[in-house]
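Residues per chain are reported as follows:
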Amino acid sequence: MADQNHVTPSEAEIAVHWGEEEYYHPSPEFIAQANLADRKAYERFSLEHFPECFKEYADLLDWDRYWETTLDTSNPPFWKWFVGGRLNAAHNCVDRHLPRHRNKTAIHFVPEPEDEPIQHVTYQELYLRVNEFAALLRDFAGVEAGDRVTIHMPMVAELPIAMLACARLGAIHSVVFGGFSGKAAAERMVDSGSRVLVTMDAYYRNGKLLDHKEKADVTVAEAAKEGLTVDKVLVWQRHPGRTSSPTPLVEGRDVLVNDLLKEYRHRTVEPVSMPAEDPLFLMYTSGSTGKPKGAQHSIGGYLSYVAGTTKYYQDLHPEDVYWCMADIGWITGHSYIVYGPLALGASTVVYEGVPTYPDAGRPWRIAEELGVNIFHTSPTAIRGLRKAGPEEPGKYHYHFKHMTTVGEPIEPDVWRWYYHVVGKGEAVIVDTWWQTETGGFLCSTAPALHAMKPGSAGPGVLGVYPVVFDENGNEIPAGSGRAGYLCIRNPWPGQFQTIWGDPDRYVRTYFARFNKDPGSQDWRDWPYMAGDGAMQAEDGYIRILGRIDDVINVAGHRLGTKEIENAALSVPEVAEAAVVAARDELKGTVPDLYVSLHPGYEAGDGLVKRISEAVVKEISPIARPRSIHIVPDMPKTRSGKIMRRILAAISNGSDDVGDVTTLANPEVVETIRAMAQGAR
Ligand code: WT7
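Residues numbered from 1 in each chain as written. Predicted model: local features only at pLDDT ≥ 70, side-chain atom pairs only at ≥ 80, totals over all residues. Heavy atoms only, no water.

Q: Describe in detail the sheet that holds strand 7 (residues 119–122), supporting the description with residues and values.
A: Pairing in this open sheet of seven strands is mixed, and the strands run 7-6-19-18-20-21-22 from one edge to the other. In the strand order of this sheet, the two ends are held by strand 7 and strand 22 (428–432), each with one partner. Put simply, the sheet's adjacent strands are angled 20° from each other on average, direction ignored. (Pairing = 2+ DSSP bridges. Helix = DSSP H or I, 4+ residues; strand = E, 2+ residues; numbered from the N terminus. Axes fitted to C-alpha atoms, helices over the stretch in contact; angles between N-to-C directions.)

In structure tokens, the structure reads:
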């Protein structure tokens, strides 16, 4: 890496421009207290020391039994980390902190209604509650080590409690984002063969108490259609002792957790000592087919990796108050709300509601009230907060030392507002690039060591070596100005282990493209292909250009275009459907949907509305198309492939749709353009 990133205190807080490049530097105060302040760490984690360097991360944990083999590569690309080791994740996130931190807040739960008091769950209380729920899961619901438990819950303290209770038993949790539909949860339950559903009756969002229990009924009914019987539905109450959902309980299947827990008061459950390589959880994510894939993460490798990256890249110290304003239903929340911070014995904030409710000052009031000093969010949230309240942060007396942006590319202009206004020019920013599959950060600046560059994720993190390949698998040198496929040269402990139930898809999707020798047992022959396009600047920093597959990133939520298309196709009139990503000022990109109808049908009868509702029912409101265009025909190649590139150009208001001469029906392009662009 070029030396221009070298930070000296005299350069603090000064933006330096290197030609086109704009750099910002951490303050001397930040550097003086940082966990990762010595450049030599990168030498310790050089490829020469791989894989043993990751012992440093694993040593952040308590092991029941130390491992024998750091990395087993005998069955590529199914890497095994810390083989022979045994540990329990809940012990590591809860029990082991009791001697020193019993009275410290583990979780600050901030309800959306501002008049409802914040709950400060201490480590001691977390210990009791995790134990009680683990006892209930085991003795009432029959959950054992290795069983899958689906958790479809909003952002409440009971969500991490349920996850940790599973971990305590060695059971595998599969958390489904609370905003997903009952049907989407069913699909994930069926795929994972999960017979227990943990849910909550209701939750607050945008000032409304939403019924959530109704989704559980849909989930069970839809799962039954696919042959899966859900034995138990465990319903937490948003307001213990009273009913917040109009949806009745089903006798023999549904049970109110808060009532039943009274029978498990003060019950403790020994943490089950698990092999490091057993799964901790599944996290379903979208890919290029219509079927979400269950990314399987390990106990030992994953927990080590999130503990290490939280310590060094979130710069989390025991005395910090850390708020990651993501949803635990996504990987960011698993790694950087729950497992990373709790593994380190820190205090983590769980906020139930939307950032701009009741106004855009809410996050800053929470930060002030709790003394948050590390803040973590997405470009979409930053854009929304800037639009709704550009001056709000200045009205509150909070001080961040560190901020994170994650999930989508951030426009330099938005970055600057985050830095100057939210961070008040005092906080470092890390732009962390990673994925559901990767478990933790892969590219980021080290907050005290590297200069920040707006819009750029930075170099590979400790022990992670990114490379950009061209079509033919040749390395594109840094600084060449050419874009290519972003890959990682080496395995790392947080990497997912497989796709649940579909190991072939794991190999095909992530490793086959740039593997030169399928027989090789050398990890160097198996680069991981992330699915993003990227460019590496001269300074080694990676700029993410976006997905190269059929995945679209809506407000930081990852959605498969095929999933949205399949939902549209469930409406009987729809013959063909194509989703493209349209740029959006607030959400980064949004789905635009084009459909053609079966012969004999016409638009009308609320068709657009029915298609939109089908998408919400099958997936979630987050997948709802910005616009739905009913077109006479799709632009197609002679072989019948829909040319999405042309639709995307139209959706993005372009006058130039590129070459249409290869189309079977070039005349349709002008018609669609007139319809779509005229409509706005
Ligand atoms: C995709 C992964 C990372 C956890 C949350 C999302 C995009 C992620 C960045 C970033 C630009 C980013 C990529 C990636 N992405 N972080 N810092 N800058 N793009 O996890 O849902 O699995 O989505 O999000 O396209 O492939 P995910």
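More follows now that the structure is in view.
Q: Break down empty space enclosed by the protein for me, citing the residues and quoting the values.
A: Counted under the stated rule, the structure contains five cavities of 30 Å³ or more. Its volume calculated, the largest cavity comes out at about 60 Å³. Forming the walls of the largest cavity are Trp-79, Trp-81, Glu-277, Ser-298, Trp-492, Pro-493, Gln-495, Phe-496, Gln-497 and Tyr-506. Partitioning the lining of the largest cavity into residue classes produces six nonpolar, three polar and one charged. (1 Å grid on protein atoms, 1.4 Å probe; cavity = no way out; pocket = protein on both sides within 12 Å on 5 of 7 lines; lining within 4 Å. Points joined across faces, edges and corners; volume = space filled by probe spheres on them. Nonpolar A, V, L, I, M, F, W, Y, C, P; charged D, E, K, R; others polar.)

Q: Can you lay out the domain arrangement of the protein chain for me, pointing to particular residues and giving the numbers?
A: As far as domains go, the protein chain holds domain 1 (117–272) and domain 2 (555–679). Placing the centre of domain 1 and that of domain 2 at their C-alpha centroids yields a distance of 37 Å. Opposite the six residues of domain 1 that make contact, domain 2 presents seven residues. A buried area of about 540 Å², summed over both sides, lies between domain 1 and domain 2, and 52% of it is on carbon and sulfur atoms. It is Phe-180, Ser-181 and Lys-183 that lose the most area in domain 1 upon contact with domain 2, and together they represent 60% of the buried surface on that side. Here domain 1 is connected to domain 2 by one salt bridge. (Domains from an automatic or database assignment. Contact = heavy atoms within 4.5 Å. Buried area = accessible area lost by both parts, 1.4 Å probe. Salt bridge = Lys/Arg side-chain N within 4 Å of Asp/Glu carboxyl O.)

Q: So what's going on with the pairing of strand 21 (residues 402–406)? Which residues, and what values?
A: Among the five residues of strand 21, five are classified as buried, and the element is accordingly described as predominantly covered. Burial along strand 21 is two-sided: the face carrying His-402, Thr-404 and Val-406 and the face carrying Met-403 and Thr-405 are both buried. As judged from the four bridges shared by strand 20 (residues 374–377) and strand 21, these two strands associate in the parallel manner. Residue pairing in the sheet places Thr-377 in a bridge with Thr-405 of strand 21. The parallel pair strand 20 and strand 21 is bridged by helix 14 (residues 379–388), and the resulting crossover is right-handed. Bridge analysis of strand 21 against strand 22 gives five bridges, and the strand direction is parallel. (Buried < 20%, exposed > 50% of the residue type's maximum accessible area, 1.4 Å probe, protein only. Right-handed = clockwise from strand over helix to strand, strands pointing away.)

Q: Tell me about the site of the ligand, and name the residues and values.
A: The environment of the ligand is made up of 17 residues, and the closest members are Asp-431, Thr-436, Asp-532, Arg-547 and Arg-558. Gly-407 is positioned with one of its backbone polar atoms (N or O) 3.1 Å from a nitrogen atom of the ligand. Summarising the interface, the protein chains cover 96% of the accessible area of the ligand, which totals 550 Å² for the free molecule. Mapped by element, the contributors of at least two residues to the shell around the ligand are helix 12 (331–343), strand 22 and strand 27 (542–547). Residue composition of the shell around the ligand, by class: six nonpolar, six polar and five charged. (Near = heavy atom within 4 Å. Polar contact = N/O pair within 3.5 Å; in protein donor to acceptor, adjacent residues only side chain to side chain. Areas by Shrake-Rupley, 256 points an atom, 1.4 Å probe, with all protein chains shown as cover.)

Q: Go over the UniProt feature "domain: Acetyl-coenzyme A synthetase N-terminal" (unreviewed entry) in the protein chain with me, naming the residues and quoting the values.
A: Following the UniProt record, one finds the feature "domain: Acetyl-coenzyme A synthetase N-terminal" (unreviewed entry) at residues 44–93. The distance from the first to the last C-alpha atom of residues 44–93 is 27 Å, and the span holds 20% helix and 20% strand. (UniProt positions renumbered as here; feature names shortened; annotations may be inferred.)

Q: Break down the state of the cysteines for me, with residues and values.
A: A complete count under the given rule lists zero disulfides for this structure. Not engaged in a disulfide, the cysteine Cys-166 finds its nearest cysteine sulfur in Cys-93; these two sulfurs lie 13 Å apart. Exposure remark for Cys-166: the relative accessible area of 1% places this residue in the buried category. With no disulfide of its own, Cys-487 has Cys-443 as its nearest cysteine by sulfur position, at a separation of 11 Å. Since its relative accessible area comes to 0%, Cys-487 is described here as buried. (Disulfide = S-S within 2.5 Å.)

Q: Now, about the packing of helix 17 (residues 561–569) against helix 18 (residues 607–618): what can you tell me, with residues and values included?
A: Axis separation between helix 17 and helix 18 bottoms out at 8 Å; the angle between their running directions is 125°. Between helix 17 and helix 18, the angle falls in the class oblique. The element helix 17 and its partner helix 18 pack so that their crossing is right-handed. Facing helix 17, whose interface residues are Ile-564, Ala-567 and Ala-568, helix 18 presents Ile-611, Ala-614, Val-615 and Glu-618. Of the residues belonging to the contact of helix 17 with helix 18, the class tally is six nonpolar, no polar and one charged. (Parallel < 35°, antiparallel > 145°, perpendicular 65-115°, else oblique. Left-handed = near helix turned anticlockwise from the far one by under 90°.)

Q: Go over the UniProt feature "domain: AMP-dependent synthetase/ligase" (unreviewed entry) in the protein chain with me, naming the residues and quoting the values.
A: The feature "domain: AMP-dependent synthetase/ligase" (unreviewed entry), as given by UniProt, occupies residues 95–492 in the numbering adopted here. When the span residues 95–492 is considered, its composition is 30% helix and 23% strand, and the gap between its end C-alpha atoms is 27 Å.

Q: Report on the pattern of salt bridges, specifying residues and quantitative values.
A: A pair can form between side chains of opposite charge whenever their charged atoms are brought close. Evaluation of the coordinates by the stated rule reveals 45 salt bridges. Among the salt bridges present, the one from Glu-22 reaches Arg-416, with a minimum N-O distance of 2.9 Å. With Glu-22 in strand 2 (residues 21–23) and Arg-416 in helix 15 (residues 412–422), the pair connects residues that are 394 residues apart, well separated along the chain. Residue classification places Glu-22 among the buried residues on the basis of a relative accessible area of 11%. The exposure class of Arg-416 is partly exposed, given its relative accessible area of 30%.

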